[in-house]
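Now for the letters of each chain:
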Amino acid sequence: MDFRIGFGYDSHRLSEGLSLRLGGVDIVSDFGCVAHSDGDAVIHALCDALLGAAALGDIGTHFPDNDDAYKGIDSTLLLEKTVDLLHQQGWRVNNADITIVLERPKLATYKPLMQIRLAELMRVNTDVVSVKAKTNEKMGAIGRGEGVAVTAAVTVVREGDN
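The following paragraphs examine the structure supplied in this document.

Reading the values: rules and limits
- Residue positions are given per chain, counting from 1 as you read along its sequence in written order.
- Since the coordinates come from a predicted model, pLDDT governs what is reported: local features require at least 70, and pairs of side-chain atoms require 80 or more to be given and counted, while whole-chain, interface and lining totals use all residues.
- Only hydrogens and water are set aside when side-chain values are computed; all heavy atoms of the structure are taken into account.
- Numbered from the N terminus, helices here are DSSP runs of H or I no shorter than four residues, and strands are runs of E no shorter than two.
- The size measure is the radius of gyration over C-alpha atoms, and the globule rule it meets is 2.2 Å times the number of residues to the 0.38 power.
- Three labels apply to residues, based on accessible area from a 1.4 Å probe with only protein chains included: buried if under 20% of the type maximum, exposed if over 50%, partly exposed otherwise in between.
- The axes used here are C-alpha line fits, helices contributing only the stretch in contact, and every angle between their N-to-C directions lies in the interval 0 to 180 degrees.
- Roughly parallel here means an angle under 35 degrees, roughly antiparallel means over 145, roughly perpendicular means 65 to 115, and every remaining angle is called oblique.
- For a crossing to be left-handed, the near helix must be turned anticlockwise from the far one by less than a right angle; the clockwise case is right-handed.
- Two residues form a contact once any of their heavy atoms are found within 4.5 Å.
- Each residue is assigned to one of three groups, with Ala, Val, Leu, Ile, Met, Phe, Trp, Tyr, Cys and Pro labelled nonpolar, Asp, Glu, Lys and Arg labelled charged, and all others, Gly among them, labelled polar.

Moving on, we come to the overall build of the protein. Scanning the protein from terminus to terminus reveals five helices and seven strands. Starting at the N terminus, the α and β elements of the protein follow one another as β-β-β-β-α-α-α-β-α-β-α-β. Taken against the 2.2 N^0.38 rule, which gives 15 Å for 162 residues, the C-alpha radius of gyration of the protein at 15 Å falls within 12% of a compact globule. C-alpha extents for the protein along the principal axes are approximately 50 × 35 × 25 Å. Looking at the 162 residues of the protein, the share that counts as buried comes to 47%.

All right, on to the packing of helix α1 (residues 41-53) against helix α4 (residues 111-122) then. Contact geometry for α1 and α4: axes closest at 12 Å, N-to-C directions at 40 degrees. When the axes of α1 and α4 are compared, the pair comes out oblique. Where α1 crosses over α4, the handedness of that crossing is right-handed. Judged by residue contacts, Val42, Ile43, Leu46 and Leu50 of α1 engage Leu118, Leu121 and Met122 from α4. Here the residues of the contact of α1 with α4 are counted per class, giving seven nonpolar, no polar and no charged.

Quick look at the structure:
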């Protein structure tokens, strides 16, 4: 059995009047992420972690932000395509641990919804997906409500001679 670890990171500026989507879940908020796609920093960090674990590059290699095909795209589609790429190489997701750093809004009620949605998209059980949320204790740009940052750590496994 081949076992690998991947780490992903993403961050986005926040701006009023945009929708906020994290982990494939729409969040009630007066502001959202400035991005080429829908700005789902959770899914972007997760894709990078998965691609890195399988040594398949990064999200920008597969879904470049200068390609109009990805302008405004629903990032859940990017995660589905990423999981498909891993499966084509014989990899499967073993677990995912995600940390969201965002001053507001509070995400306590959204974390279980994100866990369920991300598990569906990765085709795994919810008990192998962890979603945590932290504030930045009012320090720096994130603490001032100017942005969001997300880290994702994953493990993937490949069985047999693939």
